[in-house]
Amino acid sequence: MKYRNIVLTIAISIAVANLTVFIYAKCNEDHYKQLQESPALPVHNVNFKNNRNSGPSDFTQAALASTPAVVFIQTRIKERHLNNSSTQKSPFDDFFGNDPSAIPEQQGSGSGVILSRDGYIVTNNHVIKNADEITVTLANHKTFKASVTGTDAKSDLAVIKINAKDLPFLSYGNSDEIYTGQWVMAIGYPLHLDVTVTAGIISVKARFTDINKAENPVESFIQTDAAVNFGSSGGALINTNGELIGLNTAFVSPTGSYTGYSYAIPVNIVKKIANNLIKYGNAQKATVADSPKR
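All figures in this text were calculated on a predicted structure; none of them were measured in a lab.

*Asks:* In this structure, what is going on with the overall build of the chain? I would like to understand it.
*Replies:* Helices and strands together make up the secondary structure of the chain, namely five helices and 14 strands. Here the chain, with 294 residues, has 37% of them falling under the buried criterion. A total of about 17,400 Å² of accessible surface is found on the chain, and carbon and sulfur atoms cover 55% of it.

Below you can see the structure in the form of structure tokens.
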């Protein structure tokens with residue numbers, strides 16, 4: 001008899017405990033549901049359904065549509081001789097063909113973005129700075145000589161021109177409508193490779209890095225974790241709709257190679273400066289230039 005009473009008591013205790021847990025969980029569920037349905041939600045809550053820039057996670061169509069409008073740029077700076085009387089020459093310099101006052105020929109490379117059907121291309125100023133010859137190779141491997149339309153060291157932007165027609169070009173997006181966490185793609189020609197696409201997200205907006213050493217530089221970079229490397233400078237940063245939202249410019253690295261973060265000039269700055277360079281040959285203050293012919 002005592003055994004049955006003990007078993008019954010244990011069974012009743014377990015049942016009461018389970019019922020208590022169920023009632024507590026139900027009450028909490030109703031409480032949290034009321035909180036979520038309350039009109040007094042914090043103002044920073046985001047309705048992701050209304051965020052049209054979040055985009056799909058499949059980049060195939062955007063990459064296919066955008067890569068033809070990104071070009072490979074090669075530069076050549078001819079050998080230079082310094083007019084410096086203090087430069088001391090050895091008697092053996094002429095015999096061995098040495099010239100201590102000569103700066104040897106230099107070659108460089110980078111990327112660029114076609115802005116118009118008739119051949120205007122935007123890139124970084126540091127890509128084409130001091131170049132005597134500029135060669136542009138399209139994604140279809142056609143090659144053109146380019147001329148400099150205008151440069152702006154403060155924004156590290158430059159516009160060059162090739163003599164071509166009916167070129168593919170990228171449409172401008174709006175860098176004021178981008179969001180931290182948004183998917184993006186970087187397109188360029190890193191390390192002398194063919195056109196390359198990498199993906200990442202926007203890590204930070206309006207980042208100041210002190211990379212540009214020009215006087216009174218314009219810096220408000222888009223920071224991403226899309227991989228870039230040497231040669232990527234001047235390439236496109238696009239959203240998943242294939243719109244240009246930035247111009248890849250630099251990466252900060254203790255090793256000299258990409259280590260996780262890259263920086264792009266926002267397209268709204270690119271658009272204004274590029275239009276100024278096309279119309280005036282230099283960046284204008286407080287002006288709105290016409291868009292390049294498309």
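Moving on from the model shown.
*Asks:* What exactly am I supposed to notice about the layout of surface pockets here?
*Replies:* Remark: the empty space left among the atoms is shown by a probe the size of a water molecule rolled over them. Of the voids in this model, the second largest pocket is the one considered here, and its volume is about 210 Å³. As for the second largest pocket, its lining consists of 16 residues, of which His 126, Asn 229, Phe 230, Gly 231 and Ser 233 are closest to the centre. Contributing elements (two or more residues each) for the lining of the second largest pocket: helix H4 (125-128) and strand S13 (244-251). At four residues, S13 tops the list of elements feeding residues into the lining of the second largest pocket. Split into classes, the residues belonging to the lining of the second largest pocket amount to seven nonpolar, nine polar and no charged.

*Asks:* I would appreciate a short explanation of the pattern of salt bridges in the present structure.
*Replies:* Close approach of charged atoms allows side chains with opposite charge to pair. All told, the structure shown has two salt bridges when counted by the stated rule. With a shortest N-O distance of 3.1 Å, Arg 76 and Glu 105 are connected by a salt bridge. Placement of the pair is Arg 76 in strand S1 (residues 70-77) and Glu 105 in the loop between strand S3 (102-103) and strand S4 (106-114), with a sequence separation of 29 residues. According to the relative accessible area criterion, Arg 76 is partly exposed, its value standing at 24%. Judged by its relative accessible area of 38%, Glu 105 is partly exposed. Linked by salt bridges that have partners in common, Arg 76, Glu 105 and Glu 133 make up one network.

*Asks:* Which parts of the structure should I look at to understand the confidence of the model for the chain?
*Replies:* As a note on interpretation, predicted positions should not be read in detail where pLDDT is low. Looking at the chain as a whole, its pLDDT mean stands at 79, while 63% of the residues score no less than 70. The weakest mean pLDDT in the chain belongs to helix H3 (residues 93-96) at 50; the strongest belongs to strand S6 (residues 133-137) at 98. Contacts of residues 31-52 to residues separated by more than four positions or lying in other chains number four contacts, the stretch itself having pLDDT below 50. The low-confidence segment residues 287-291 (pLDDT under 50) makes nine contacts with residues lying over four places distant or belonging to another chain.

*Asks:* Sorry if this is basic, but what is going on with the side chain of Ser 66 here?
*Replies:* Of note, Ser 66 is situated in helix H2 (residues 60-66). The exposure class of Ser 66 is buried, given its relative accessible area of 1%. Among the polar contacts made by the side chain of Ser 66, one reaches the main-chain carbonyl oxygen of Ala 62 at a distance of 2.8 Å. Apart from residues no more than four positions distant in its own chain, Ser 66 is found in contact with Leu 170, Ile 187, Ile 238 and Gly 242.

*Asks:* Just to check I follow, could you spell out the sheet that holds strand S5 (residues 120-124) for this structure?
*Replies:* In a beta sheet, neighbouring strands are held together by backbone hydrogen bonds and run either parallel or antiparallel to one another. If you walk around this closed barrel you meet the six strands as S1-S4-S5-S8-S7-S6, and the pairing is antiparallel. For this sheet, the mean angle separating the axes of adjacent strands, direction not counted, is 40 degrees. Across the face of the sheet, helix H5 (residues 267-280) comes into contact with S5, strand S7 (143-152) and strand S8 (157-162) while running at roughly 55 degrees to S8.

*Asks:* It is not clear to me how the environment of Asn 275 should be interpreted in this structure. Could you clarify?
*Replies:* Topologically, Asn 275 is positioned in helix H5. Expressed as a C-alpha distance, the spacing of Asn 275 and Val 122, which sit 153 residues apart in the sequence, is 10.0 Å.

*Asks:* Can you help me understand the environment of Ile 187 in this one?
*Replies:* By secondary structure assignment, the location of Ile 187 is in strand S9 (residues 183-188). Discounting chain neighbours no more than four positions away, the residues touching Ile 187 are Ser 66, Thr 67, Val 70, Val 195, Thr 196, Val 197, Gly 235, Ala 236, Ile 238 and Asn 248.

*Asks:* So what exactly am I meant to see when it comes to H5 here?
*Replies:* Count 3.6 residues to each turn of an α-helix, and residues three or four apart come out pointing the same way. Taking 1.5 Å per residue as the helical rise, H5 with its 14 residues ought to reach 20 Å, and the 19 Å between its terminal C-alpha atoms agrees with that figure. For H5, every residue scored as buried is listed here: Val 267, Val 270, Ile 273, Ala 274, Asn 275, Asn 276, Leu 277 and Ile 278. Summarising the contacts, the buried residues of H5 are in contact with S5, S7, S8, S13 and strand S14 (262-266).

*Asks:* So what exactly am I meant to see when it comes to unusual backbone geometry here?
*Replies:* For residues besides glycine, phi is generally negative; the peptide bonds are generally trans as well. One non-glycine residue with positive phi stands out, namely Asn 130, at about 65 degrees. Position of Asn 130 relative to the elements: it lies in the loop between H4 and S6. You can call Asn 130 exposed: its relative accessible area is 52%.

*Asks:* What should I look at first to understand the nonpolar core in this one?
*Replies:* In summary, soluble globular proteins display a tendency toward joint burial of nonpolar side chains. Ranked by size, the top nonpolar core spans 30 residues in total, and within it Val 113, Val 122, Leu 157, Leu 170, Ala 236, Ile 238 and Leu 244 carry the most contacts. If one sorts the elements of this core by residue count, H5 sits on top with six residues. Of all hydrophobic cores here, the second largest spans 15 residues; its members include Ile 114, Leu 138, Ile 160 and Ala 164.

*Asks:* When you look at the environment of Gly 242 in this model, what are you seeing that I'm missing?
*Replies:* Its location among the elements puts Gly 242 in the loop between strand S12 (236-238) and S13. By relative accessible area, which is 12% here, Gly 242 ends up buried. Between the alpha carbons of Gly 242 and Val 184 there is a distance of 9.3 Å; along the sequence they are 58 residues apart. The contacts of Gly 242, once residues within four sequence positions are left out, are Ala 62, Ser 66 and Leu 170.

Definitions and cut-offs
Residues numbered from 1 in each chain as written. Predicted model: local features only at pLDDT ≥ 70, side-chain atom pairs only at ≥ 80, totals over all residues. Heavy atoms only, no water. Helix = DSSP H or I, 4+ residues; strand = E, 2+ residues; numbered from the N terminus. Buried < 20%, exposed > 50% of the residue type's maximum accessible area, 1.4 Å probe, protein only. Areas by Shrake-Rupley, 256 points an atom, 1.4 Å probe, with all protein chains shown as cover. 1 Å grid on protein atoms, 1.4 Å probe; cavity = no way out; pocket = protein on both sides within 12 Å on 5 of 7 lines; lining within 4 Å. Points joined across faces, edges and corners; volume = space filled by probe spheres on them. Nonpolar A, V, L, I, M, F, W, Y, C, P; charged D, E, K, R; others polar. Salt bridge = Lys/Arg side-chain N within 4 Å of Asp/Glu carboxyl O. pLDDT = per-residue confidence, 0-100. Contact = heavy atoms within 4.5 Å. Polar contact = N/O pair within 3.5 Å; in protein donor to acceptor, adjacent residues only side chain to side chain. Pairing = 2+ DSSP bridges. Axes fitted to C-alpha atoms, helices over the stretch in contact; angles between N-to-C directions. Expected span 1.5 Å × (residues − 1). Core = buried A, V, L, I, M, F, W, Y, C linked by side-chain atoms within 4.5 Å.

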